[in-house]
Amino acid sequence: MKLIAFIIAAVTAWLAWGAGSLHQKNPAEYSLTPALLLGLIAVVSLLVVFTGKSKAKAK
């Protein structure tokens, strides 16, 4: 679960950076909303990585 959340966080952070870069180059054509939404997904995924419980049981 944590590995999947980490992969999702990495991919969405990369996409958010790209969307923010497009917004900086041409703000009239590209909105900042996709960058903010992708950034929010990345933050939530990182919260799952750092606070989520592992499925492995302690022996």
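Overview of the structure. (Residues numbered from 1 in each chain as written. Predicted model: local features only at pLDDT ≥ 70, side-chain atom pairs only at ≥ 80, totals over all residues. Heavy atoms only, no water.)

Glancing now at the overall build of the protein. Counting its secondary structure elements, the protein contains two helices and zero strands. Scored against the burial criterion, the 59 residues of the protein give a buried share of 17%. Element-wise, carbon and sulfur atoms account for 73% of the exposed surface of the protein, whose accessible area totals about 4,900 Å². (Helix = DSSP H or I, 4+ residues; strand = E, 2+ residues; numbered from the N terminus. Buried < 20%, exposed > 50% of the residue type's maximum accessible area, 1.4 Å probe, protein only. Areas by Shrake-Rupley, 256 points an atom, 1.4 Å probe, with all protein chains shown as cover.)

Let's shift gears to the side chain of T12. Position of T12 relative to the elements: it lies in helix 1 (residues 2-25). Among the polar contacts made by the side chain of T12, one reaches the main-chain carbonyl oxygen of A9 at a distance of 3.3 Å. For T12, the residues in contact, after removing those within four places along its chain, are L38, I41 and A42. (Polar contact = N/O pair within 3.5 Å; in protein donor to acceptor, adjacent residues only side chain to side chain. Contact = heavy atoms within 4.5 Å.)

Among the surface-exposed residues, L3, F6, I7, V11, W14, L15, W17, L46 and F50 lie close enough to one another that they form a single nonpolar patch of about 1,100 Å² accessible area. Relative to the helices and strands, I7 resides in helix 1. (Patch = residues over 30% accessible without salt bridge, like charges linked within 9 Å, V, L, I, M, F, W, Y side chains within 5 Å. Salt bridge = Lys/Arg side-chain N within 4 Å of Asp/Glu carboxyl O.)

Our focus in this paragraph is helix 1. Residues lying three or four places apart along an α-helix face the same way, a consequence of the helix completing one turn every 3.6 residues. Counted at 1.5 Å a residue, the expected span for helix 1 with its 24 residues is 34 Å, and the 35 Å between its end C-alpha atoms agrees. Turning to helix 1, its buried residues are A5, A9, T12, A16, A19 and G20. Tucked into the core, helix 1 has its buried residues touching helix 2 (33-51). (Expected span 1.5 Å × (residues − 1).)

These figures capture arrangement, not role.
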